[in-house]
Amino acid sequence: MFFNQYRISQVIKYVSLVMGLLVLSSCVKNTKTEQSASPSPPGSLSVGEGFVNPIGYYESVPRFSWKLDPQSSITAQSAYQIQAASSLELLKSEPDLWDSQKVTSSKTSWLHFEGAPLASRQVLYWRVRVWDENNIVSQWSEAQPIELGLLNNSDWNANWIGHPDTDLNKAPSQQVLATPQYLRKLFNVSGDVKKARLYITAKGLFAPQINGKKVSEQDVMTPGWTPYAKRIESLSYDLTEQLVQGENSLAASIAGGWYAMRMANHIEQDHLVPARLLAQLEITYADGRIETIVTDDTWLSSMDGPIRFASIYDGEKYDQNKEMLGWASPQFEPKGWQPAISEKMDDVIAIKPKRHEPIRIIEEMSVSQIVSDENGKVVFDFGQNMVGVPKLNLPVVKGQEVKIRFAEALHKGEFYTDNYRSAKSTNYFIPSVTGVIQYQPTFTYHGYRYVEISGHDTSLPATKDWVTAMIQHSDIDLHANFESSHPKLNQLTSNIIWGMRSNFYDIPLDCPQRDERLGWTGDAQVFVTPSMYMADVYGFWSAWLQSVREEQGEDGKIPVYIPFVEWINFASSGWGDAVTIIPWELYVLTGDKTILEDNYEMMKKWLNFHEKKSNNYISKMTTFGDWLQPYPEILKEGDNGNRGNTSFSLIGTAYFARSVELTLKSAKVLNQTGDIQMLTELHQKIKQAFLNEFFDDQLNLVGAIPTQTTYLLGLAYDLFPEDKTPLALNKLIGLIADADNHLRTGFLGTPLLTQVLQEFGRSDLVYELLFKETYPSWFYSINNGATTTWERWNSYSLEDGFNPQGMNSLNHYAYGTVSRWFYEGILGITAAMPGFKKINIEPQFGQQLQHAKGGYKTPHGEVSVSWEIQGGALMMLVTVPKNTTADVKLPTVDLSSITLNGSDATLDKLLNLSPGKHKIEANVSL
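Bear in mind that the values here come from a model prediction, so they are computed numbers and not experimental data. (Residues numbered from 1 in each chain as written. Predicted model: local features only at pLDDT ≥ 70, side-chain atom pairs only at ≥ 80, totals over all residues. Heavy atoms only, no water.)

Q: Any chance you could break down the overall build of the protein chain for me, citing the residues and the numbers?
A: Broken down by element type, the protein chain carries 16 helices and 52 strands. Relative to the globule expectation of 29 Å for 926 residues, the C-alpha radius of gyration of the protein chain, 31 Å, shows essentially globular dimensions. The principal-axis extents of the C-alpha atoms in the protein chain amount to approximately 125 × 85 × 60 Å. Residues counted as buried form 59% of the 926 residues belonging to the protein chain. Considering only residue pairs separated by 6 or more positions, the protein chain has 74% of its internal contacts joining residues 24 or more positions apart. Accessible surface, the protein chain: about 36,500 Å² in total, of which carbon and sulfur atoms supply 49%. Where the 80 positive side-chain charges of the protein chain centre and where its 104 negative ones centre are 4 Å apart. (Helix = DSSP H or I, 4+ residues; strand = E, 2+ residues; numbered from the N terminus. Rg over C-alpha atoms; globule rule 2.2 N^0.38 Å. Buried < 20%, exposed > 50% of the residue type's maximum accessible area, 1.4 Å probe, protein only. Contact = heavy atoms within 4.5 Å. Areas by Shrake-Rupley, 256 points an atom, 1.4 Å probe, with all protein chains shown as cover. Lys, Arg positive; Asp, Glu negative; His and termini not counted. Charge placed at Lys NZ, Arg CZ, Asp CG, Glu CD.)

So this is what it looks like as structure tokens:
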């Protein structure tokens, strides 16, 4: 009996176990089925303005962004959930920093972290999942880390250090201050290192090493250029794998860079201040110990190294006899080195993490041809104007100084540097041996296409491998992809891209070669939008705008270049208005309200300055005018015509109105209800004053020379009454016709040409202007060998060389603003809603082109357009990114011939196109 009962109980247990396993198996299968059925997770996760897994991040309240997977089944997002935790384990189990829960929203960009503000050094892991249009949840994204840098001066225990000979109390000479300093510190590592972070910056430039090796092989000219009296940026490096047990060495060389020595054209009084280093290495051991190595007076210093001179404008001098082999390694014996002087940090200069990618060596380029090898001088041609430094692999003779010069173009066959003005832009190398040397400058940069070398070993014939171009610029994600059927238009596209690459050098420079190289605000405001179409430069512009805010005067004045150095100390209309134009344009392209929030007060202060410089709403502000307008009428002796003939007061008043309009739009976005009525009334008063002051009833200009820019400003900024815009347009077209259908516009008018003419249905005239071959035109420069965009329409010709009028930079991006029309006009891509949640696609066709293609990486993904016309038949391919819709509008089409994805369609069928690829065909008349 007992046996049977026992057997029965065992059977029952066995059956229960089997049933349990079956249920578990079923749950596992169901879970797997649910997971396999779940849409794929979001991708392209980033924080802030595009940072991916950053170390040394700058925001205590990050902004999260992601994109829907193009291959996912999700068409549109209906909700999202973000989780954030202090570790990967907690992120997957119980997020301790923030869980948004399910939020019903289609937003995928710039979502603010809503946990407690993050602290310096803090690490956050985050992930996101989304719900599709059918409320089906996706899988979780991969977790992404964010590690903050040192956010506050109080986080630093380090001091500024330098060589004692640079002590200002000793009144060091200019030569001493121009000599780079070498600094080093030995320290011991005792235990397993879990994490090591180097936080570092300089008053000037720094080049750090750990145990005799460069901390970064790519970063150059760090930390970059900010208003040094108010803020200096720091960089953060992961040195976990670079440290060794026992003795280690942390070292850096520093130079004055933008901080010290002369800056800007015509400045004779140098900035006689010394370079200084600030560094803090924090080592976290596996056992929990934390050790900190800081710059202080225990460091050793020398000024007897091989770099004897370094200057932004004037180049570098390197003496091989002074080389200190292994000077940054632990084994080096620092004989003759002196204790560094140490200066305490203060709260006047804020040390903040760098908020965009630094300048890096992006590319190497080989010599295209050797132009000449005679009289001891060799001229190398790279075939491309660019920015960076040369890397030499050169035969030399001991003690015989090598000289390296740079030029943008040859003047009637001769090496020419006059357009560099006072910038010597020359490197020197003094060899200690006879043989082949390698040399690459550290603390300077050059704008050039040609390199001339002399002082080398002339017994050997020159070869192309003697010089390699190390191309440098801010590490921006280039995605310019516009192409067309016209070779010269494609070359123009390339020239514009190279102009952008050359001048995006930590700040938006005007030019990279002469004794200027400043962040001119007028150039910036006309180029911000096309630059965004060609590259991911949101972080670049956002960072520079912080410098602009810091340089604004108490009265609202905006200097004409940022950062400001003493040279030109007045505000200019059309230049200072960058503070309203750039934030608004960035908002339209990104949909990120933060850019408006950060800059709104600056915008209002600038309006106050405008008003102070006006009389009854008519501007009296100084201006550079329509800078470098071609064929100016010289009205008085001594006038060089550089500022053009458009009325200065008219320009100022038009920009006053434009800045008020954009500030008003920003106020509405930000719900600044107290400002909206005031700005609305002010805008109307300026518009009325503009019309009354400058024009008669027939829109004839009163008391000034009528120019194309005169009417472009009024039309672009909606300053004419609606019933008179046709009259204004006729005036503009008449002035273009008077110029034999050539442009007569400078820096301010040129960006408006394409915009206005397309808006009023004259894209045919845009095509005609764009494809002109003769001066003034874009193709004129190409016909004369340009590989970048020029400062003047006629800066150079193959026959006559450089224009004798001066102002002849061959690397200026301002006239590259026409590339905006490549994307918004020829391809027709514009944002119907800020951030491209809704997209307009309205391509403009012209007889000059048979096909064109390209795209733009919106915050949601890439929108692309490709069209081809053969025999009047249009075939167009459109890709609409996930989570958006697009309206396609086709000009000059036969309505009865339209097909969409192979089916007959009407124009309304081209509206509200869903994400994915679409094929449109129609007959067009050009």
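Q: Could you give me a rundown of the sheet that holds strand β13 (residues 205-210), with the residues and numbers involved?
A: Spatial strand order, β14-β13-β16-β11-β19-β22: six strands in an open sheet with antiparallel pairing. The sheet is open, and its two borders are formed by β14 (213-214) and β22 (338-339), each paired with just one other strand. (Pairing = 2+ DSSP bridges.)

Q: Would you mind going over empty space enclosed by the protein in detail, with residue names and values included?
A: For the structure on display, the rule yields four cavities of 30 Å³ or more. Of the pockets and cavities examined, the largest cavity occupies roughly 90 Å³. In the lining of the largest cavity, the residues fall into five nonpolar, five polar and one charged. (1 Å grid on protein atoms, 1.4 Å probe; cavity = no way out; pocket = protein on both sides within 12 Å on 5 of 7 lines; lining within 4 Å. Points joined across faces, edges and corners; volume = space filled by probe spheres on them. Nonpolar A, V, L, I, M, F, W, Y, C, P; charged D, E, K, R; others polar.)

Q: An account of the nonpolar core is needed here, citing residue identities and associated values.
A: Ranked by internal contacts, the top residues of the largest apolar core, which has 215 residues, are Trp258, Trp541, Ile826 and Trp867. In terms of residues, this core owes the most to one element, helix α9 (residues 648-669), which gives 10 residues. Dropping the residues within four chain positions of it, tryptophan 258 is found in contact with Leu205, Met221, Gly224, Trp225, Tyr228, Met263, Ile312, Ile359, Tyr445 and Tyr505. Core analysis: the next-biggest nonpolar cluster, separate from the first, contains 27 residues, Ile161, Val189, Leu198 and Ala340 among them. (Core = buried A, V, L, I, M, F, W, Y, C linked by side-chain atoms within 4.5 Å.)

Q: Which residues make up the side chain of aspartate 319, and what are the values?
A: Of note, aspartate 319 is situated in strand β21 (residues 315-319). In this structure, aspartate 319 is buried with no salt-bridge partner, the nearest side chain bearing the opposite charge being arginine 308 at 5.7 Å. (Salt bridge = Lys/Arg side-chain N within 4 Å of Asp/Glu carboxyl O.)

Q: I'd like a description of the pattern of salt bridges, backed by residues and values.
A: Side chains that carry opposite charge are capable of pairing whenever their charged atoms lie near each other. One pass over the structure, following the stated rule, counts 37 salt bridges. Two residues, arginine 121 and glutamate 282, come together in a salt bridge whose shortest N-O distance is 2.7 Å. With arginine 121 in the loop between β7 (111-112) and β8 (123-131) and glutamate 282 in strand β17 (residues 276-285), the pair connects residues that are 161 residues apart, well separated along the chain. When its relative accessible area of 10% is taken as the criterion, glutamate 282 is described as buried. A salt bridge links aspartate 515 to arginine 421, with the nearest nitrogen and oxygen atoms 2.9 Å apart. Linking aspartate 515 in the loop between β38 (507-508) and α5 (521-534) with arginine 421 in the loop between β30 (414-415) and β31 (426-430), this pair joins segments that are 94 residues apart in sequence. Arginine 421 gets classed as partly exposed once you look at its relative accessible area, which sits at 31%.

Q: With reference to specific residues and values, describe the packing of helix α4 (residues 487-503) against helix α16 (residues 819-826).
A: With their axes 10 Å apart at the nearest point, α4 and α16 run at an angle of 125 degrees to one another. When the axis of α4 is compared with that of α16, the two are oblique. Across the interface between the two elements, Leu489, Leu492, Thr493 and Ile496 from α4 touch Ser819, Phe822 and Ile826 from α16. (Axes fitted to C-alpha atoms, helices over the stretch in contact; angles between N-to-C directions. Parallel < 35°, antiparallel > 145°, perpendicular 65-115°, else oblique.)

Q: Give a description of helix α10 (residues 673-694) that names residues and reports values.
A: Its 22 residues give α10 an end-to-end C-alpha distance of 33 Å, which sits within 8% of 32 Å, the value for a rise of 1.5 Å per residue. The secondary structure elements touched by the buried residues of α10 are α8 (594-612), β41 (618-619), α9 and α11 (708-716). (Expected span 1.5 Å × (residues − 1).)

Q: I'd like a description of the environment of valine 560, backed by residues and values.
A: Mapped onto the elements of the fold, valine 560 is located in the loop between α6 (538-551) and α7 (578-590). With 485 residues separating them in the primary sequence, valine 560 and threonine 75 have C-alpha atoms 46 Å apart. Apart from the residues within four sequence positions on either side, valine 560 is in contact with Gly519, Trp520, Thr521, Ile568, Phe570, Ala571, Ser572, Trp575 and Phe624.

Q: So what about the packing of aromatic side chains? Which residues, and what values?
A: Tallied over the full model, the rule gives 64 aromatic pairs. Both rings, one in phenylalanine 695 and one in tyrosine 711, keep their centres 5.8 Å apart while their planes meet at 50 degrees; by these two values the pair is tilted. With phenylalanine 695 in the loop between α10 and α11 and tyrosine 711 in helix α11, the pair connects residues that are 16 residues apart, well separated along the chain. Owing to a relative accessible area of 2%, tyrosine 711 belongs among the buried residues under this scheme. (Phe/Tyr/Trp six-rings, centres within 6.5 Å; stacked < 30°, edge-to-face > 60°.)

Q: How would you summarise the confidence of the model for the protein chain if you had to cite specific residues and measurements?
A: Confidence along the protein chain averages 95 in pLDDT terms, with 95% of residues attaining 70 or more. Considering only residues more than four positions removed or in separate chains, one finds that residues 1-36, a stretch of pLDDT under 50, has one contact. (pLDDT = per-residue confidence, 0-100.)

Q: Tell me about α8, and name the residues and values.
A: Residues three or four positions apart in an α-helix share a direction because the helix packs 3.6 residues into each turn. A rise of 1.5 Å per residue sets the reference length of α8, with its 19 residues, at 27 Å; its end C-alpha atoms lie 28 Å apart and thus fit the reference within 8%. At tyrosine 600, α8 shows its strongest bend, of approximately 45 degrees. Within α8 the residues assigned to the buried category are Thr594, Ile595, Leu596, Asn599, Tyr600, Met602, Met603, Trp606, Leu607, Phe609 and His610. (Bend = angle between axes of the 7 residues up to and from the residue.)

Q: Explain the environment of glutamine 513 residue by residue, including any values.
A: Structurally, glutamine 513 is set in the loop between β38 and α5. Taking the C-alpha atoms as reference points, glutamine 513 and glutamate 408, separated by 105 residues in sequence, lie 8.5 Å from one another. Residue contacts for glutamine 513: discarding those within four places in its chain leaves Glu408, Tyr420, Ala423, Gly447, Ser809, Leu810 and Asn811. Side chain to side chain, glutamine 513 and glutamate 408 meet in a polar contact 3.0 Å long. (Polar contact = N/O pair within 3.5 Å; in protein donor to acceptor, adjacent residues only side chain to side chain.)

Q: Provide a residue-level description of the pairing of strand β20 (residues 307-311), including the pertinent values.
A: Pairing of β20 with β21, which is carried by four bridges, proceeds in the antiparallel orientation. When the sheet's bridge partners are listed, serine 311 is paired in β21 with glycine 315. Taken together, β20 and the strand that follows it, β21, pair antiparallel across an intervening segment of three residues.

Q: How would you explain the side chain of arginine 514 if you had to name every residue and give the values?
A: Among the secondary structure elements, arginine 514 is positioned in the loop between β38 and α5. Ignoring any residue separated from it by four or fewer positions in sequence, one finds arginine 514 in contact with Tyr313, Asn419, Tyr420, Arg421, Ala423, Glu791, Met807, Asn808, Ser809 and His812.

Q: I'd like to hear about the sheet that holds strand β3 (residues 63-67), residue by residue, with values.
A: Spatially, three strands are ordered β1-β3-β7 in an open sheet, and the strand pairing comes out antiparallel. Each having just a single partner strand, β1 (43-47) and β7 make up the two edges of the open sheet. Two elements, β1 and β3, share three bridges in a ladder whose sense is antiparallel. The residue bridging glycine 43 from the neighbouring strand is lysine 67, located in β3.

Q: An account of unusual backbone geometry is needed here, citing residue identities and associated values.
A: If a residue is not glycine, its phi is most likely negative; likewise, a peptide bond is most likely trans. Residues isoleucine 562 and proline 563 are joined by a peptide bond in cis, for which omega reads -5 degrees. Position of proline 563 among the secondary structure elements: in the loop between α6 and α7. With omega at -10 degrees, the peptide bond leading from tyrosine 775 into proline 776 counts as cis. Counting through the fold element by element, proline 776 comes out in the loop between α14 (763-770) and α15 (778-783). Here alanine 171, not a glycine, exhibits a phi torsion of approximately 50 degrees, which is positive.

Q: Residue-level account of the environment of glutamate 681, with values.
A: Note that glutamate 681 resides in helix α10. The spacing of glutamate 681 and glycine 761 is 80 residues in sequence and 31 Å in space, taken between C-alpha atoms.

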